[in-house]
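# A closer look at the structure
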Amino acid sequence: DQQVKQNSPSLSVQEGRISILNCDYTNSMFDYFLWYKKYPAEGPTFLISISSIKDKNEDGRFTVFLNKSAKHLSLHIVPSQPGDSAVYFCAASDDSNYQLIWGAGTKLIIKP
Amino acid sequence: DTAVSQTPKYLVTQMGNDKSIKCEQNLGHDTMYWYKQDSKKFLKIMFSYNNKELIINETVPNRFSPKSPDKAHLNLHINSLELGDSAVYFCASSQALGAVQTQYFGPGTRLLVL
């Protein structure tokens, strides 16, 4: 039972363009969402997060949008750079549970 | 000066063996975790320790036993290894307990059971 779904296993984007990574969730109790980035042979690193009281959070080139009614969030990267090529994991939690529920990841490839 | 380190990075072993994976964090964090990344690439929490106390113990076979000798270390011992245990195991730490806490991950241990 996947509570967090990233339906695109991979995404290819031209350098300089916008990358949009999507994530859907099923548990309406989730109130905190995070994106992590992972390079090969490394562990995931935290990228950006959003609380359910907000619908947008921005940090430099990275913006996360949350649509609670659709149970959908997205990560926008603009402009995309070669170093953004990585696997991006979406994770969610209801804080009372102390744990994160992770999606399967989307591999982002930035083409020159 | 790696923040979260795991040893070994690679582990190839036979079914039925017992093995351990070590994890150390030098961030001064109170909470540590073990995750398993399976063949479908999902990261699943196995255990969480806070101040050396077990907090989360997901549905994991009791062949898996975590041990936290101190706040900086959380080791994972696996008895009677099975083929299905083949996966990447990640250790992580966070300053405190709570999903809003940023988790810092080690590089992973790639376990292959033959």
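## A look at the interface of chain A and chain B
Taken together, the contact between chain A and chain B spans 21 residues of the former and 21 residues of the latter. Surface buried jointly by chain A and chain B totals about 1800 Å² across both partners, of which 64% is contributed by carbon and sulfur atoms. Interface area lost by chain A to chain B is led by A:Y98, A:Q99 and A:W102, which between them contribute 32%. The interface formed by chain A and chain B contains zero salt bridges. Counting across the chain A and chain B interface gives two residue pairs in polar contact (both at pLDDT 80 or more). When residues of the side of chain A that touches chain B are traced back to their parent elements, those giving at least two are strand 4 (32–38) and strand 9 (86–93) of chain A. Sorting elements by how many residues they give to the side of chain A that touches chain B places strand 4 of chain A first, with four residues. Counted by class, the side of chain A that touches chain B contains 12 nonpolar, six polar and three charged residues.

## Digging into the pattern of salt bridges
Under the counting rule described, the total for this entry stands at seven salt bridges over all chains. Salt-bridge contacts for A:E58 lead to A:K56; the nearest nitrogen and oxygen are separated by 3.9 Å. Note on A:K56: relative accessible area 43%, which makes it partly exposed. B:E82 serves as the salt-bridge partner of B:R63, at 3.5 Å between the closest nitrogen and oxygen.

## As for the packing of aromatic side chains
Within this structure, the stated rule accounts for 12 aromatic pairs over all chains. Each ring, one from A:W102 and one from B:Y35, has its centre 5.8 Å from the other, and the planes form 85°; the classification is edge-to-face. Note that A:W102 is positioned in strand 10 (residues 101–102) and B:Y35 in strand 4 (residues 31–37), a pairing that runs across two chains. Of the residues examined, A:W102 reaches a relative accessible area of 3% and is grouped as buried. On the basis of relative accessibility, which here comes to 1%, the residue B:Y35 falls in the buried class.

## Examining the sheet that holds strand 1 (residues 4–5) of chain A
All names here are of chain A. If you walk across this open sheet you meet the five strands as 1-3-8-7-6, and the pairing is antiparallel. Two strands in the sheet have a free side with no partner beyond their single neighbour: strand 1 and strand 6 (56–59). As judged from the six bridges shared by strand 3 (residues 19–25) and strand 8 (residues 72–77), these two strands associate in the antiparallel manner. Note on strand 8: the bridge partner recorded for S19 is I77.

## A closer look at the pairing of strand 3 (residues 19–25) of chain B
All names here are of chain B. Bridge count for strand 1 (residues 4–7) against strand 3 is four bridges, and the pairing is antiparallel. Directly across from T7, in strand 3, lies its bridge partner K22. Where strand 3 meets strand 8 (residues 73–78), four bridges bridge the pair, whose relative direction is antiparallel. Residue pairing in the sheet places I21 in a bridge with L76 of strand 8.

## Observations concerning the state of the cysteines
Simply put, the disulfide is a covalent bond whose two ends are the sulfur atoms of two cysteines. Tallied over the entire structure, the rule returns two disulfides over all chains. Two residues, A:C23 and A:C90, share a disulfide whose sulfurs are 2.0 Å apart. The S-S bond linking A:C23 to A:C90 shows a torsion near -75°; that makes this disulfide left-handed. Note that A:C23 is positioned in strand 3 and A:C90 in strand 9, a separation of 67 residues in sequence. Like A:C90, A:C23 is buried. Put simply, B:C23 and B:C91 are joined by a disulfide, and their sulfur atoms are 1.8 Å apart. On the S-S bond that ties B:C23 to B:C91, the torsion sits near -75°, and the link is left-handed. With B:C23 in strand 3 and B:C91 in strand 9 (residues 87–94), the pair connects residues that are 68 residues apart, well separated along the chain. Of the residues examined, B:C23 reaches a relative accessible area of 2% and is grouped as buried. Judged by relative accessible area, which is 0%, B:C91 ranks as buried.

Each value, and the rule that gives it
Residues numbered from 1 in each chain as written. Chains lettered and ligands numbered in written order. Predicted model: local features only at pLDDT ≥ 70, side-chain atom pairs only at ≥ 80, totals over all residues. Heavy atoms only, no water. Contact = heavy atoms within 4.5 Å. Buried area = accessible area lost by both parts, 1.4 Å probe. Salt bridge = Lys/Arg side-chain N within 4 Å of Asp/Glu carboxyl O. Polar contact = N/O pair within 3.5 Å; in protein donor to acceptor, adjacent residues only side chain to side chain. Helix = DSSP H or I, 4+ residues; strand = E, 2+ residues; numbered from the N terminus. Nonpolar A, V, L, I, M, F, W, Y, C, P; charged D, E, K, R; others polar. Buried < 20%, exposed > 50% of the residue type's maximum accessible area, 1.4 Å probe, protein only. Phe/Tyr/Trp six-rings, centres within 6.5 Å; stacked < 30°, edge-to-face > 60°. Pairing = 2+ DSSP bridges. Disulfide = S-S within 2.5 Å.

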